[in-house]
Amino acid sequence: MRALWASSKGRGIIYQVLLSTGLVFLILLLVANAFYNMEQRGLKAGFGFLDRSAGFGIVQSLISYDETSSYGRAFVVGLLNTVLIASIGIVLATFLGFMIGIMRLSPNWLVSKLANIYIETFRNIPLLLQILFWYVAVLKPLPAPLDLFKKGESFLLSFNNRGLVFATPVPQASFSLVLWSLFFAVVVSIGWVLYTRWRQKTKGSQLPVGLPCFSLILGLPLAIFFLLGSPLDFTSPVMGRFTYDGGTTVVIEFFALLWALVIYTAAFIAEIVRAGIQGIPYGQSEAAYSLGLKRGQTLKLVTIPQALRIIIPPLTSQYLNLTKNSSLAAAIAYPDLVSVFAGTALNQTGRAIEIMFLTLSVYLSLSLLTSLVMNVYQSHTRLIDR
Amino acid sequence: MTFKSIGRGLIAFSLPIVFALGTLSFTLNPASALGGFGGGGGGGGYGKTLEEVKDKGYIQCGVSQGLPGFSNPDDAGNWSGIDVEFCNAVAAAVFGDPTKVQFSPLSAKVRFESLRSGEVDLLARNTTWTFDRDVALGLEFVGVNYYDGQGFMVRRNLGVNSAFELNNVSVCTNTGTTTELNAADFFRANKLKYKIVAFEKADEVVAAYDAERCDVYTTDRSGLAAQRTKLANPREHKVLPEIISKEPLGPVVRQGDEQWADVVRWTLNALINAEEMGLTSANISSQKNSDNPKVRRFVGTEGEFGTALGLDDNAWAYNIVEKVGNYGEIYERTVGPKTPLGLSRGANALWTNGGILYAPPLR
């Protein structure tokens, strides 16, 4: 023991043991305390309630759900709605953020100032206020279905204050051919990309990639689709006395929340992108120019790959923020996990501890998953020390 | 990371777990020590709420985040409403001073947890008394201070006269309330199609309904009357005649503290009995030396009802009526026909006047 204390490494071990003992003890104390207090109140812990029928409706669901479904299914519905808004939000915020970030660096005074105003405005207003603002701002000008259609009228597509409503596509049997042709086009395109790369490496000459691949992937399935005589039926929404019935609806709250989250997160991403690009010494670009690379090539081949190394860690944390911020959905009735499960289900069952545990676990898992994906990506782009 | 450092890490993590498992068997047994750490720390405790309330000198009362007529703050942060005055009445009973109350605005979602954890001593937050809440959630409903029922509000220009016409509608309401379930039950039972749009706060429900996001707004009928005053043009909306549920709203306390439950329950009974006996804040001081034994018991000149409840003053009921008023007075100032809510007594009239308000006698 004395020998252990004598070395700095040994002392390190002792400190760690003491600290982690304290930590584990504290956690166990909290858990035991929670169970004790629940027992005192005559509450039984357990997840049996997940099989009970939920009894409430949910306005938007990616899987089939009705009032007779279980709380467990309501949990999945909420989870999928959260994943939906987070994944689409991350993609859009990345695009918008990169665009604004590059605009911010533009030599054009007006463009750069506009980007600056955008960033400073949206970064500095609390997100909840922005969500409520955009919700009302989106809701007010949009017409109600009653103002748009007469009773009994059917329509294919409408964007009104209930959401984006469109006729539900119902594929016929031969529609699978269209999907197969799409798959074929993608495979051929990948082959073409690999071929052009090989050709550039060995012979040094370049062939066009973007346009042929794009037209193949879009054109071939479309051509097959029309050759087969449009093998897709639509069930149209029909206007009733108060609102429409049928069709597929993406609720208006989804758009308001998505818009707010994207606008807000993009402002942060823009600054991260700017910092990343400015973090690369200008000498790198000058060296590339002197080798004869064009401005676009320099950006694509020299500046951005290096800037990504700086950008990715803070970008990851913005992705995590966006996912977590999506839980503000409850304020505007978007049926996400917090609103459906930690809101309605919690109140109906009173199972606060179990439900909060599940909800926290979901956000933790989503965050860890995002971090994992980004870390794997970063390990591809990092500098290899030799 | 080398193998050596992994080994060290393993030791660092496994040792404390062994320690902790050893201590767990110890910590779980003398659970009473842990209980003091949780319940008592939060100000709750069992069988001792009254004592704690007396010690700290005020009652922490859980109310809504703003429902006109029930519990609503004004610009200066002063609360008013039927639930707020109930809290005042309990304070008058305990301290002889109705102002010794602090209000905690609670969302529908957190209200029960706040009560159970001891954050508030009493919940007077337009809360519906249901089996599940009373039996399975560790709560104790002490009575009913407003008999309500769920209804529907629609825009007049839709030309709707009955809730049974509401097929294929979009319905706005609050999350985490019985309202959501009642609406689901009503539409399912009558084979009507609906979409529920559930918001966390009442203000957002009103804003969304006002922006025509929904065709129908559903909540308790008293709530509809209250929220209607917040709409841009209250006259353009109407409440449909159907009442689709029973919503007995009442004060709630923690289960397991019968003494405190009795104090709150008898405060409510005293308010109702006072109205029945014709005792008001204006006339009760002149009744102090009444010969009527019923009145003498009420004002505390006969019997020891206060000390039996654990209160310091036998004139606790006298204090309630003198400083706050009887049930009828409270009703008239908060939700009655002369207020913006304009709710007639209806079921909330005394049993002697055709209502269902009936309190056990004070004897």
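What you are looking at is a predicted structure, and each value in this text was computed from that prediction instead of being measured.

*Asks:* Let's hear about the overall build of chain B: which residues, and what values?
*Replies:* Helices and strands together make up the secondary structure of chain B, namely 14 helices and 14 strands. Taking all 363 residues of chain B together, 50% fall into the buried category. Restricting the contact set of chain B to residue pairs at least 6 apart, pairs at least 24 apart contribute 71%.

*Asks:* Break down the domain arrangement of chain B for me, citing the residues and quoting the values.
*Replies:* Residue and element names in this part refer to chain B. One can read the domain layout of chain B as domain 1 (49-147 + 249-353) and domain 2 (150-245). Distance from the C-alpha centre of domain 1 to the C-alpha centre of domain 2: 30 Å. Taken together, the 16 residues of domain 1 in the interface contact 12 residues of domain 2. Along the lines of polarity and charge, the residues of the side of domain 1 that touches domain 2 split into nine nonpolar, six polar and one charged.

*Asks:* Describe the packing of helix α5 (residues 127-139) of chain A against helix α9 (residues 252-278) of chain A, listing the residues and the values that go with them.
*Replies:* All names here are of chain A. Look at α5 against α9: their axes get within 9 Å of each other, and the N-to-C directions meet at 135°. It follows that α5 is oblique to α9 by the angle criterion. For the pair α5 and α9, the crossing hand works out as right-handed. Contacts between α5 and α9 involve Leu127, Gln130, Ile131, Trp134, Tyr135, Val138 and Leu139 from the former and Ile252, Phe255, Ala256, Leu257, Trp259, Ala260 and Tyr264 from the latter. Of the residues contributing to the contact of α5 with α9, the split by class is 13 nonpolar, one polar and no charged.

*Asks:* Describe the sheet that holds strand β2 (residues 163-166) of chain A, listing the residues and the values that go with them.
*Replies:* Residue and element names in this part refer to chain A. The three strands lie next to each other as β1-β2-β7, forming an open sheet whose pairing is antiparallel. Looking at which strands have only one partner, the edges of the open sheet turn out to be β1 (157-160) and β7 (248-251). Pairwise comparison of adjacent strand axes, ignoring direction, gives a mean angle of 10° for this sheet. Note: β1 against β2, four bridges, orientation antiparallel. Bridge pairing in β2 links Asn160 to Gly163.

*Asks:* Now, about the nonpolar core: what can you tell me, with residues and values included?
*Replies:* Formed by 161 residues in total, the largest nonpolar core has its most connected members in Leu257 of chain A together with Cys87, Val90, Leu122, Ala208 and Ile320 of chain B. Looking at which element gives the most residues to this core, the answer is α9 of chain A, with 17 residues. Those residues in contact with Leu257 of chain A, other than ones at most four positions away along the chain, are Ile85, Ile131, Ser326, Ala329, Ile332 and Tyr334 of chain A.

*Asks:* I'd like a description of helix α13 (residues 352-381) of chain A, backed by residues and values.
*Replies:* If you check α13 of chain A, its first and last C-alpha atoms are 43 Å apart, about what 30 residues at 1.5 Å a residue would give, namely 44 Å. Ala352, Ile355, Thr359 and Leu366 of chain A are the residues of α13 of chain A that are buried. In this structure, the buried residues of α13 of chain A make contact with α11 (295-325) and α12 (337-349) of chain A together with α5 (111-116) of chain B.

*Asks:* Quick rundown of the pairing of strand β1 (residues 59-63) of chain B? Include the residues and the values.
*Replies:* Residues and elements named next belong to chain B. Along β1, five of the five residues are buried, which leaves the element largely enclosed by surrounding structure. Direction of pairing for β1 relative to strand β4 (residues 101-105): parallel, over a ladder of five bridges. Its bridge partner lying in β4, Ile59 is registered against Val101. As paired strands, β1 and strand β5 (residues 122-123) are joined by two bridges and run parallel to one another. Within the sheet, the bridge partner assigned to Gly62 lies in β5 and is Leu123.

*Asks:* I'd like a rundown of the sheet that holds strand β9 (residues 169-174) of chain B, residues and numbers included.
*Replies:* Residues and elements named next belong to chain B. Read across the open sheet, the five strands follow the order β10-β9-β11-β8-β12; overall the sheet is mixed. Sheet topology places β10 (194-199) and β12 (237-239) at the edges, where each strand pairs with a single neighbour. Each neighbouring strand pair of the sheet contributes to a mean axis angle of 30°, computed without reference to strand direction. Pairing geometry for β9 and β10, over six bridges, is parallel. Bridge pairing in β10 places Ser170 opposite Lys195. Strands in contact with helix α9 (residues 221-228) are β8 (150-155), β11 (216-220) and β12; relative to β11, the strand with the most contacts, it is inclined by about 125°.

Parameters and conventions
- Residues numbered from 1 in each chain as written.
- Chains lettered and ligands numbered in written order.
- Predicted model: local features only at pLDDT ≥ 70, side-chain atom pairs only at ≥ 80, totals over all residues.
- Helix = DSSP H or I, 4+ residues; strand = E, 2+ residues; numbered from the N terminus.
- Buried ≥ 20, exposed ≤ 12 C-beta atoms within 10 Å, placed from the backbone.
- Contact = placed C-beta atoms within 7 Å.
- Domains from an automatic or database assignment.
- Nonpolar A, V, L, I, M, F, W, Y, C, P; charged D, E, K, R; others polar.
- Axes fitted to C-alpha atoms, helices over the stretch in contact; angles between N-to-C directions.
- Parallel < 35°, antiparallel > 145°, perpendicular 65-115°, else oblique.
- Left-handed = near helix turned anticlockwise from the far one by under 90°.
- Pairing = 2+ DSSP bridges.
- Core = buried A, V, L, I, M, F, W, Y, C linked by C-beta atoms within 7 Å.
- Expected span 1.5 Å × (residues − 1).

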